[in-house]
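Below are the chains, spelled out letter by letter.
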Amino acid sequence: MTDFEEFYQSTYTRLVGQLFSVTGSLEQAEDVVQEAFVRALGRWSRIQAYDVPELWVRRVAINLAISDLRGFRRRAAALLRLGTQRPLPQLTPQTVGLAEMLHRVPVNQRPVLLLHDVLDLPIEQVAEQLGLPVSTVRGRLARARAKLARELAAEPEGALSPHE
């Protein structure tokens, strides 16, 4: 076991308990403590020389928790300004079927299929919207189409979506 692993094992639960007091949420406390440890790992050669490296991790976790709480307050205030009446999305059978189809390909290929094949945008515009090179869009589109073709060919006759 490395020095960092020993440090992590000996301090993790204590820090999560302390951050729970700050966040009021076990899940949030775990998230900020884990993120603080990830940051500590990248600086471990320097942090391990501190008298009490745990203080550094705790400070980072507290800063992350405070930042998250501020962000939550900003989002809550924005939602209050928008009001309680928000439009409900209309999930038509076609929309559900499209989502089921898109979930058959890797997540990074879905936006390319949606924008190009469903919304009929030119490849150049898809690349611009996604911030990708045109060649990457073409490659993802080709791989996504090939994957869908294999998936659909493997389905038994008549096993298509009940939403047709």
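Scroll up a little and you will see the structure.
Notes on the structure follow. (Residues numbered from 1 in each chain as written. Predicted model: local features only at pLDDT ≥ 70, side-chain atom pairs only at ≥ 80, totals over all residues. Heavy atoms only, no water.)

### Focus on helix H4 (residues 53–82)
Working step 1: The terminal C-alpha atoms of H4 lie 44 Å apart, and with 30 residues this matches the ideal 44 Å at 1.5 Å per residue to within 8%.
Working step 2: Those residues of H4 not exposed but buried are Pro53, Glu54, Trp56, Val57, Val60, Ala61, Leu64, Ala65 and Gly71.
Working step 3: Its buried side turned inward, H4 meets helix H1 (3–23), helix H2 (26–42) and helix H3 (44–47).
Working step 4: After H4 finishes, the residue Gly83 shows a positive phi value of roughly 90°. (Helix = DSSP H or I, 4+ residues; strand = E, 2+ residues; numbered from the N terminus. Expected span 1.5 Å × (residues − 1). Buried < 20%, exposed > 50% of the residue type's maximum accessible area, 1.4 Å probe, protein only. Contact = heavy atoms within 4.5 Å.)

### Regarding the pattern of salt bridges
Working step 1: Scanning the entire structure with this criterion turns up 6 salt bridges.
Working step 2: In this structure, Arg14 and Glu54 form a salt bridge, with 2.8 Å as the shortest nitrogen-oxygen distance. Of this pair, Arg14 sits in helix H1 while Glu54 sits in helix H4; the two residues are 40 residues apart in sequence, bridging distant segments of the chain.
Working step 3: Of the residues examined, Arg14 reaches a relative accessible area of 41% and is grouped as partly exposed.
Working step 4: Residues participating in the shared-partner salt-bridge network are Arg14, Glu54 and Arg58. (Salt bridge = Lys/Arg side-chain N within 4 Å of Asp/Glu carboxyl O.)

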